[in-house]
Amino acid sequence: MQNEETATLVTAAAGGDREAWAALVDRFGRLVWAVARSHQLEKADAEEVYQMTWLRLTEHIDRLKQPDRVAAWLATTARNESLMVIRAGGRLTVTSDPWLLDRGVEDGSPERAVLDAEQAADDERLLERMWAAFRHLPDRCQQLLRLLVTAPRPSYAEIAELLSIPIGSIGPNRARCLDRLRAQVAG
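Residues numbered from 1 in each chain as written. Predicted model: local features only at pLDDT ≥ 70, side-chain atom pairs only at ≥ 80, totals over all residues. Heavy atoms only, no water.

Draft legend 1. Main features of the overall build of the chain. Helix and strand counts for the chain stand at nine helices and zero strands. The buried share among the 187 residues of the chain stands at 32%. In the chain, once contacts between residues fewer than 6 apart in sequence are set aside, the share between residues at least 24 apart is 61%. Only carbon and sulfur atoms are counted for the fraction: they give 54% of the accessible area of the chain, which is about 12200 Å². (Helix = DSSP H or I, 4+ residues; strand = E, 2+ residues; numbered from the N terminus. Buried < 20%, exposed > 50% of the residue type's maximum accessible area, 1.4 Å probe, protein only. Contact = heavy atoms within 4.5 Å. Areas by Shrake-Rupley, 256 points an atom, 1.4 Å probe, with all protein chains shown as cover.)

Structure below.
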């Protein structure tokens, strides 16, 4: 869902929609800034990288092959712009902080943020498929599964009474309902 919204924003921005541009900057501005600052740039250099990244997007927005992945495109572009600033400045940062020297395992890296965002989008798509599949289950299955995940969960005796079924059939019915749900999600 969020990927579709992002793709729609990119398409609208490519068509000149100012509100779409503002929404893109609002949504991904912190990501671009984080990438620039993660390269230990001075504030002025990081601001330049930020501006250049958005300029590059204006130059290439109508040619993005996967507009829903604009976050990854922005992170990569900001990284490349940061590296160009570093190379152009030929600067050397002296530090006694070993954490700064070991940038390969940084958990808060922009690349990690992009990967986490992509994973969250994948998880959201799976959740949407699960709910769609759940809505296609028979009403009895929906009722039973809802009761089994209610907190606090009612006892099997209460569930049996509510659904007017024998206690001994709750487990097998649950298994059949879950099998149907799995099959619909996979299909």
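Once the structure has been displayed, the description carries forward.
Draft legend 2. The arrangement of the environment of A36 in detail. Tracing the backbone through its elements, the reader meets A36 in helix 2 (residues 18-38). Taking relative accessible area as the criterion, A36 reaches 0% and is therefore assigned buried. In sequence terms A36 and P110 are 74 residues apart; their C-alpha atoms lie 9.0 Å from each other. Leaving out residues up to four positions away in the same chain, A36 has contacts with L41, A46, V49 and S82.

Draft legend 3. How the structure looks around a nonpolar patch on the surface. A grouping of L126, L127, M130 and W131 is seen on the molecular surface, where their side chains present a nonpolar patch of about 380 Å² in accessible area. Tracing the chain through its elements places L127 in helix 6 (residues 110-135). (Patch = residues over 30% accessible without salt bridge, like charges linked within 9 Å, V, L, I, M, F, W, Y side chains within 5 Å. Salt bridge = Lys/Arg side-chain N within 4 Å of Asp/Glu carboxyl O.)

Draft legend 4. Representation of the pattern of salt bridges in the model. One pass over the full model with this rule turns up seven salt bridges. We note a salt bridge from E5 to R27, for which the minimum N-O separation is 3.4 Å. Remark: R27 occurs in helix 2 and E5 occurs in helix 1 (residues 2-14); sequence separation between them is 22 residues. Since its relative accessible area comes to 28%, R27 is described here as partly exposed.

Draft legend 5. Region of the structure containing the packing of helix 2 against helix 3 (residues 43-60). As a packed pair, helix 2 and helix 3 sit with axes 10 Å apart at the nearest point and diverge in direction by 135°. Judged by the angle between their axes, helix 2 and helix 3 are oblique. Relative to helix 3, helix 2 is oriented so that their crossing is right-handed. Across the interface between the two elements, W21, L24, V25, F28, G29, V32, W33, A36 and R37 from helix 2 touch K43, A46, E47, V49, Y50, T53, W54, L57 and T58 from helix 3. Here the residues of the contact of helix 2 with helix 3 are counted per class, giving 12 nonpolar, three polar and three charged. (Axes fitted to C-alpha atoms, helices over the stretch in contact; angles between N-to-C directions. Parallel < 35°, antiparallel > 145°, perpendicular 65-115°, else oblique. Left-handed = near helix turned anticlockwise from the far one by under 90°. Nonpolar A, V, L, I, M, F, W, Y, C, P; charged D, E, K, R; others polar.)

Draft legend 6. Expanded view of unusual backbone geometry. Its identity is not glycine, yet Q40 carries a phi of approximately 60°, on the positive side. Residue placement: Q40 occurs in the loop between helix 2 and helix 3. Even without a glycine there, the phi angle at S164 is positive, about 55°. Positionally, S164 belongs in the loop between helix 8 (156-163) and helix 9 (170-186). Exposure remark for S164: the relative accessible area of 64% places this residue in the exposed category.

Draft legend 7. Just the packing of helix 7 (residues 139-149) against helix 8, in detail. The N-to-C vectors of helix 7 and helix 8 enclose an angle of 155°; their axes lie 11 Å apart at closest approach. Here helix 8 runs roughly antiparallel to helix 7, going by the angle between their axes. You can see that helix 7 and helix 8 cross each other, and the crossing is right-handed. Along the contact surface, helix 7 presents R140, Q143, L144, L147 and L148, while helix 8 presents Y156, I159, L162 and L163.

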